[in-house]
Amino acid sequence: MPELSVKVTQNGHLAPPEIRDENEEPDLEKLLGRPRTMNIDARQKSLDERSLSEFTHVITSQEDHPENNAGRQSVIDASSVNITPGAHAVFESHPMVGEAWDALKRSLVYFRGQPVGTIAALDNSEEKCNYDQVFVRDFVPSALAFLMSGEPEIVRNFLLKTLRLQSWEKKIDQFQLAEGVMPASFKVFHDPVRNHETLIADFGESAIGRVAPIDSGFWWIILLRAYTRSTGDTSLADLPECQKGMRLILSLCLSEGFDTFPTLLCADGCCMIDRRMGVYGYPLEIQALFFMALRCAKLLLKEDDEGKEFIERIVNRLRALSYHMRSYYWMDLKHLNDIYRYKTEEYSHTAVNKFNVMPDSLPEWVFDFMPNRGGYFIGNVSPAKMDIRWFCLGNCIAILSSLATAEQSTAIMDLIEARWDELVGEMPVKVCYPAIESHDWRIITGCDPKNTRWSYHNGGSWPVLLWLLTAACMKAGRRLMARRAVELAEARLSKDNWPEYYDGKVGRFIGKQARKCQTWSIAGYLVAKMMVEDPTHLGMIALEEDKEKKPVMRRSSSWTL
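In this text, all values refer to a predicted model and were calculated from it rather than measured experimentally.

Rules of the game
- Residues numbered from 1 in each chain as written.
- Predicted model: local features only at pLDDT ≥ 70, side-chain atom pairs only at ≥ 80, totals over all residues.
- Heavy atoms only, no water.
- 1 Å grid on protein atoms, 1.4 Å probe; cavity = no way out; pocket = protein on both sides within 12 Å on 5 of 7 lines; lining within 4 Å.
- Points joined across faces, edges and corners; volume = space filled by probe spheres on them.
- Helix = DSSP H or I, 4+ residues; strand = E, 2+ residues; numbered from the N terminus.
- Nonpolar A, V, L, I, M, F, W, Y, C, P; charged D, E, K, R; others polar.
- Polar contact = N/O pair within 3.5 Å; in protein donor to acceptor, adjacent residues only side chain to side chain.
- Contact = heavy atoms within 4.5 Å.
- Phe/Tyr/Trp six-rings, centres within 6.5 Å; stacked < 30°, edge-to-face > 60°.
- Buried < 20%, exposed > 50% of the residue type's maximum accessible area, 1.4 Å probe, protein only.
- Lys NZ or Arg CZ within 6 Å of the ring centre and 35° of its normal.
- Axes fitted to C-alpha atoms, helices over the stretch in contact; angles between N-to-C directions.
- Parallel < 35°, antiparallel > 145°, perpendicular 65-115°, else oblique.

Give a detailed account of the layout of surface pockets, specifying residues and quantitative values.
When its volume is computed, the second largest pocket comes out at roughly 820 Å³. Those elements giving two or more residues to the lining of the second largest pocket turn out to be β7 (175–176), α6 (214–231), α8 (240–254) and α10 (305–329). Considering every element that reaches the lining of the second largest pocket, the biggest residue donor is α8, with four residues. Among the residues forming the lining of the second largest pocket, the class breakdown is 22 nonpolar, seven polar and five charged.

So what about the side chain of Arg295? Which residues, and what values?
Take Arg295: it is sitting in helix α9 (residues 284–300). Separated by 2.9 Å, the side chain of Arg295 and the backbone oxygen of Ser401 make a polar contact. Those residues in contact with Arg295 that lie beyond four places of it in its chain are Leu318, Ser401, Ser402, Leu543, Glu544, Glu545 and Asp546.

Got a sec to walk through the packing of aromatic side chains? Specific residues and values, please.
Evaluated as defined, the whole model comprises 20 aromatic pairs. Taken together, a centroid distance of 5.5 Å and an interplanar angle of 80° make the contact between Phe261 and Tyr282 edge-to-face. One end of the pair, Phe261, is in the loop between α8 and α9; the other, Tyr282, is in the loop between α8 and α9, and 21 residues separate them in sequence. Residues Phe261 and Tyr282 agree in their burial class; the two are buried. The interplanar angle of 50° and the centroid separation of 5.8 Å between the aromatic rings of Trp498 and Tyr525 together place this pair among those described as tilted. Here Trp498, found in the loop between α18 (479–492) and β14 (502–503), pairs with Tyr525, found in helix α19 (residues 519–533); they are 27 residues apart in sequence, far enough to count as distant. Of the aromatic side chains, those joined through ring pairs into one cluster are Phe261, Tyr282, Tyr323, Tyr328 and Phe355. A cation over a ring is seen here: Lys170 above Phe203, with NZ or CZ 5.1 Å from the ring centre. A cation over a ring is seen here: Lys385 above Tyr280, with NZ or CZ 3.8 Å from the ring centre.

I'd like to hear about unusual backbone geometry, residue by residue, with values.
Here the bond from Pro428 into Val429 is cis, since omega is -5°, no more than 30 degrees from zero. Note on placement: Val429 falls in the loop between α15 (420–423) and β13 (432–433). The phi dihedral of Asp173 falls on the positive side, at around 60°, and the residue is not glycine. As for its placement among the helices and strands, Asp173 is situated in the loop between β6 (171–172) and β7. At Trp498, a position not held by glycine, the phi torsion is positive, near 55°.

Quick one: what's the story with the packing of helix α4 (residues 136–148) against α6, residue by residue and with numbers?
The interhelical angle for the contact between α4 and α6, taken along N-to-C directions, is 5°, at an axis separation of 10 Å. Classified by the angle between their axes, α4 and α6 sit roughly parallel to one another. On the side of α4, the interface is formed by Val136, Arg137, Phe139, Val140, Ala143, Leu144 and Leu147, while α6 contributes Asp215, Ser216, Trp219, Leu223, Ala226, Tyr227, Ser230 and Thr231. Taken together, the residues of the contact of α4 with α6 break down into 10 nonpolar, three polar and two charged.

Below is the structure:
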């Protein structure tokens, strides 16, 4: 193993080598003034004749004339825009932008002289715990920020290093994990005696609750597609190692079992909500990420003998998954009223209440929360269980992946607008709504002191979700709503030193256990800011509906009352 002499800074993070070529660590602030070029993908024809100004005008005109919004199709063909290598966004100057880039650069982690990720937080005021590690899900907004700034090399390094970690033998106690499991996080260990570095990965064996991160593999595939779309470089995805890595992840998800649903059965704590919060079963976040990862993999897999088999399985699963989610997870005023009138203990294929949900289990808050116009994907659906809570990440990914139809995307945006104070408040945006309280909190969370009401994952406000909300707004044609959210964050985020999360019904207070200088809060702001000012960035993270997959979306006659 080659050795490399590196310095360790006072805060314990690895510093880059002293001797470095200028191209290896560019000044990102100077790059903000670099002119931006556009390259339109020849495979998509919908924007071939449009200029960037026309592209932007479509969004603005839709927002300025809301009477044209009803029943509209998605206004952005996000997949048709490609960003050339080295391009850099030019957006309005704001004091926070330079500060955010400086902080993001300080969070870089180096392995043998190359940047391979960003640590979770730069806050050294408390015990590091695992905040000094590179998390797969946490790095996604950082990666998007670097891609948008024309610096793809760190993203390439990250994808290759985590792919290498996937091949490691993984054991928790005496149980060996499947080959395709991606790590939740990794860190660089510097041995000062031997003067060399090694990677240490966590596949769940050190995590709270010892739960394997189901979402890591999905985020990895989504990020690989973003890298390919942004750079136009297909050589990385075409590597045999990357093709095998995708197939291993897909093998875990597409394996046959006793399932009667196309959704994935999960344990609590397997995603961003990584503590006990009642999301076990078939949580929306995992299903939406699963759907998006399948669509990205379908674009990235080679059509060789192995690839064709997986592509066929993907197409079949996408068709079933989209129907299941759009039919049974969707909630609006009509569907709420239908459930309110359900009969129970029905039998046979003519059953209306297919999951035997008890109408009396509907929480009181949802009847006041549901507006006349609007809707959302609920948190979970399984036998005799419907988690009616609103979850931000799952609904935003549903829009970006086109799991949500154009009408459903519009309805989600209508609901956010109608319930802005509850879902966005003073700091974007609530991870879920509402909070679990009293007896329910004791039973569901196990009296978790970190997930008290309106705190952390229990109704806390997470600035990192700003980039997802912004992207969803842009894809749904609500650019002014996206700007409003970004401006809310700009009012406090930097002054509060980039907290991990906020507490309270409207996100007024810095979280009681929130780390400061949280990297994905910083990167989430940068991505949101760049996306609002340059909508073409949306192409690397959003997908238009696959016309080949599009099924006839109607419920069976037995579903409607």
